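Single-letter residue listing:
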Amino acid sequence: MTTRHYLLLGTAEPVAWTVDIASESEIIARAEVECRLSGEDLEFLAGFELIGTGKRAGSIGVHALEWSRDWMPGEKLRTALLKLGDEGRTCRAFNAADPVQVRVFLEQAEAVGLRNEARALTTSPAE
């Protein structure tokens, strides 16, 4: 079973707020699309380094580069949320299975005028 998250999204100035629900993999996929468009990598944003893996001394062609490490648990999601919240935007995620986080999501959505939209998301049947 994949974890679902309620999202509170705000655009840069002037701020326009929306709410959404997405799985962890969907959130990461959205961020990866944005990275491709901007020529970035989630790994680079997370502070990974590219290291040469060539067998010959002094040979580190593009074909012989790889990221310095693997993702830690939850790190890729956190980095994706940072990417989706860059350039003056806001992207907050709330675990849909955690009643406390759902309550906070509803409170924050209400604070930006999206009470009905957020309630509709939280009461709709599971996708």
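Predicted model, so just to flag it, every value in this text is computed and none were measured.

## Notes on the overall build of the protein
Point 1. Along its length, the protein carries five helices and five strands.
Point 2. If you list the helices and strands of the protein from N to C, you get β-β-α-α-β-β-α-β-α-α.
Point 3. Looking at the 127 residues of the protein, the share that counts as buried comes to 28%.
Point 4. In the protein, of all internal contacts separated by at least 6 residues, the share reaching a separation of at least 24 is 49%.
Point 5. Here the protein displays about 8,200 Å² of accessible surface, and carbon together with sulfur accounts for 55% of that area.

## Focus: the packing of aromatic side chains
Point 1. A full pass over the atoms with the stated rule returns four aromatic pairs.
Point 2. Between the aromatic rings of Y6 and F105, the centroid separation amounts to 5.0 Å while the plane-to-plane angle is 15 degrees, which identifies the pairing as stacked. Placement of the pair is Y6 in strand β1 (residues 4–10) and F105 in helix α4 (residues 99–111), with a sequence separation of 99 residues.
Point 3. Here the aromatic rings of F94 and F105 are separated by 5.5 Å at their centres, their planes lie at 50 degrees, and the arrangement is tilted. Here F94 is found in strand β5 (residues 90–95), whereas its partner F105 is found in helix α4, with eleven residues between them in sequence.
Point 4. A relative accessible area of 0% places F105 in the buried class.
Point 5. Clustering of aromatic rings is evident, with ring pairs tying together Y6, F94 and F105.

## Observations regarding helix α1 (residues 24–38)
Point 1. Between the first and last C-alpha of α1 there are 21 Å, a value that for 15 residues agrees with the 21 Å anticipated at 1.5 Å per step.
Point 2. Looking only at α1, the buried set comprises I27, I28, A31 and C35. Seen along its axis, α1 keeps its buried residues to an arc of 95 degrees; they face one direction. Exposed and oriented more than 90 degrees from the buried face of α1 are R36 and L37.
Point 3. In this fold, the buried residues of α1 make contact with β1, β2 (17–23), α2 (42–45) and α3 (75–84).
Point 4. Positive phi shows up at G39, right after α1, with a value of about 75 degrees.

## A look at the nonpolar core
Point 1. Of all hydrophobic cores here, the largest spans 13 residues; its most connected members are L7, I27 and L81.
Point 2. Counting residues per element, the ones that place at least two in this core are β1, α1 and α3.
Point 3. With residues near it in sequence (within four places) discarded, I27 still touches H5, L7, A22, L77, A80, L81 and L84.
Point 4. Ranked by size, the runner-up nonpolar core spans twelve residues in total, among them Y6, L8, L106 and A109.

What counts as what
Residues numbered from 1 in each chain as written. Predicted model: local features only at pLDDT ≥ 70, side-chain atom pairs only at ≥ 80, totals over all residues. Heavy atoms only, no water. Helix = DSSP H or I, 4+ residues; strand = E, 2+ residues; numbered from the N terminus. Buried < 20%, exposed > 50% of the residue type's maximum accessible area, 1.4 Å probe, protein only. Contact = heavy atoms within 4.5 Å. Areas by Shrake-Rupley, 256 points an atom, 1.4 Å probe, with all protein chains shown as cover. Phe/Tyr/Trp six-rings, centres within 6.5 Å; stacked < 30°, edge-to-face > 60°. Expected span 1.5 Å × (residues − 1). Arc of directions from axis to C-beta. Core = buried A, V, L, I, M, F, W, Y, C linked by side-chain atoms within 4.5 Å.

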